[in-house]
2 protein chains.
Amino acid sequence: MSGERVGREDLMSLFEAARWAPSSFNEQPWRFVYAERGSRAWPGFLELLTEGNRSWAQRAGALIVVLSRTTFSRSGRPAPTHSFDTGAAWQNLALQGTRLRLVIHGMAGFDHDRARTVVGAPQAFAVEAMIAVGRPGPAEVLPERLRAMERPSGRKPVAGFAFPGAFPPGA
Amino acid sequence: MSGERVGREDLMSLFEAARWAPSSFNEQPWRFVYAERGSRAWPGFLELLTEGNRSWAQRAGALIVVLSRTTFSRSGRPAPTHSFDTGAAWQNLALQGTRLRLVIHGMAGFDHDRARTVVGAPQAFAVEAMIAVGRPGPAEVLPERLRAMERPSGRKPVAGFAFPGAFPPGA
């Protein structure tokens, strides 16, 4: 990532894409708390990251903490699909970002407990992930370790995760 | 849905789309166990559903049980984002289905425990959701209750789930 800011309009279009994910009883359990580069919230968000993630994510234009509401807002009863549905919203956000030629990178390596405090999450919300959003930097200045991150990782073949009827023996 | 079968090629292209979701340490925790209409597995999958879901999903061309691996396959340690990452794969599947003009409907209303047994899920896997996949039926034969399902449900405005810096007071 280049270290540039991400335009407000681009950022909002990421959330607009996330908005259309399906969810159980249309609860829309996802929440995105974001810090734009240069904002007052930025340093606090950046400090949540592990050192490994901070080393590259410091060049992001925005950092987002993703949370989900663990209970249904109407009944207060547990919402078993809160993480699953929020993952769907995250994928929409990532696809929209790719479409806008932004770099979008999900992260699990950060201090989850401190993230709760920093974003002031009410009790009913769980911290799911963080996201770095940035403008792509010039590829030639990247060290090989980071350049490798820009290529898609290998994937299992479809037959490795989609099974007719039942799990195959030994799966 | 029309009650027609869904072509094998279409079905596989749904899983191919799911395949490209990002996941923590590229674990790819999602698993999809599917029953095609008319297959030996079909009646057992259909029986998992609540009566409300069965009333319309019996016209699907395929039913899918979505599971996720709750531990990292390498270390055996808990994988905190297993549901979140699997939700991302589900959203890709849903988008691809929409692109193919299929009806794609996620369901939480089914017997989760029995689903585990029916698909023969190993211990490390959690049941996340079921999906009905079908060809669209002629809209004019649908009762109003089902026609309403074909329209997108209302959504919160972006300002209702994306917050700069921190949760707003009272959120």
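Relevant structure appears above.
Procedures and definitions
- Residues numbered from 1 in each chain as written.
- Chains lettered and ligands numbered in written order.
- Predicted model: local features only at pLDDT ≥ 70, side-chain atom pairs only at ≥ 80, totals over all residues.
- Heavy atoms only, no water.
- Phe/Tyr/Trp six-rings, centres within 6.5 Å; stacked < 30°, edge-to-face > 60°.
- Helix = DSSP H or I, 4+ residues; strand = E, 2+ residues; numbered from the N terminus.
- Salt bridge = Lys/Arg side-chain N within 4 Å of Asp/Glu carboxyl O.
- Buried < 20%, exposed > 50% of the residue type's maximum accessible area, 1.4 Å probe, protein only.
- Pairing = 2+ DSSP bridges.
- Axes fitted to C-alpha atoms, helices over the stretch in contact; angles between N-to-C directions.
- Least-squares fit on C-alpha atoms with pLDDT ≥ 70 in both.
- Contact = heavy atoms within 4.5 Å.

> Explanation requested: the packing of aromatic side chains in the structure shown.
For any pair of aromatic rings, the description rests on two quantities: the centre-to-centre distance and the angle between the ring planes. Tallied over the full model, the rule gives 14 aromatic pairs over all chains. For the pair A:Phe15 and A:Tyr34, a centre-to-centre distance of 5.3 Å together with 35 degrees between the ring planes defines the contact as tilted. Of this pair, A:Phe15 sits in helix α1 (residues 8–19) while A:Tyr34 sits in strand β1 (residues 30–36), and the two are 19 residues apart along the sequence. Each member of the aromatic cluster is reached from another via a ring pair, and the members are A:Phe15, A:Phe32, A:Tyr34 and B:Phe161.

> Explanation requested: the pattern of salt bridges in the structure shown.
All told, the structure shown has eight salt bridges over all chains when counted by the stated rule. For the salt bridge of A:Arg114 with A:Asp111, the shortest nitrogen-to-oxygen distance reads 3.6 Å. Exposure remark for A:Arg114: the relative accessible area of 37% places this residue in the partly exposed category. When the shortest N-O distance is used, the salt bridge between B:Asp10 and B:Arg135 registers 2.8 Å. In this pair, B:Asp10 sits in helix α1 (residues 8–19) while B:Arg135 sits in the loop between β4 (125–134) and α6 (144–149), placing the two residues 125 residues apart along the sequence. On the accessibility criterion, B:Arg135 (23% relative accessible area) is partly exposed.

> What exactly am I supposed to notice about the sheet that holds strand β3 (residues 103–107) of chain B here?
Pairing between the strands of a sheet comes from backbone hydrogen bonds, and it takes one of two forms, parallel or antiparallel. With mixed pairing, five strands are arranged side by side in an open sheet as β5(A)-β1(B)-β2(B)-β4(B)-β3(B). Of all strands in the sheet, those bounded by a partner on one side alone are β5 (162–164) of chain A together with β3 of chain B. When strand polarity is set aside, the average angle formed by the axes of neighbouring strands in this sheet is 25 degrees. Examined bridge by bridge, strand β2 (residues 62–69) of chain B and β4(B) share eight bridges and lie antiparallel to one another. Bridged to B:Val66 within β4(B) is B:Ala129.

> Please explain the pairing of strand β1 (residues 30–36) of chain B as it appears in this structure.
Two faces make up the sheet, and in a regular strand the side chains alternate between them. Residues and elements named next belong to chain B. Most of β1 sits inside the fold, with seven of its seven residues counted as buried. Burial along β1 is two-sided: Trp 30, Phe 32, Tyr 34 and Glu 36 facing one way and Arg 31, Val 33 and Ala 35 facing the other are all buried. When β1 meets β2, the two strands line up antiparallel, connected through seven bridges. From the neighbouring strand, Phe 32 faces β2, where its bridge partner is Val 66.

> Teacher, can you tell me more about the relation of the copies chain B and chain A here?
Between the two copies of the chain lies a relationship made up of a rotation around an axis and a movement along it. The two copies are related by a screw motion: chain B maps onto chain A through a turn of 180 degrees and a shift of 0.0 Å along the axis, at an RMSD of 0.0 Å. The superposition operator between the copies reduces to a two-fold rotation axis. Of all interface residues in chain B, 100% are interface residues in chain A too; the two copies therefore contact each other through one and the same surface.

> Sorry, what's going on with the environment of B:Gly160 here?
Residue and element names in this part refer to chain B. Tracing the backbone through its elements, the reader meets Gly 160 in the loop between α6 and β5 (162–164). Of the residues examined, Gly 160 reaches a relative accessible area of 28% and is grouped as partly exposed. With eleven residues separating them in the primary sequence, Gly 160 and Ala 171 have C-alpha atoms 8.7 Å apart.

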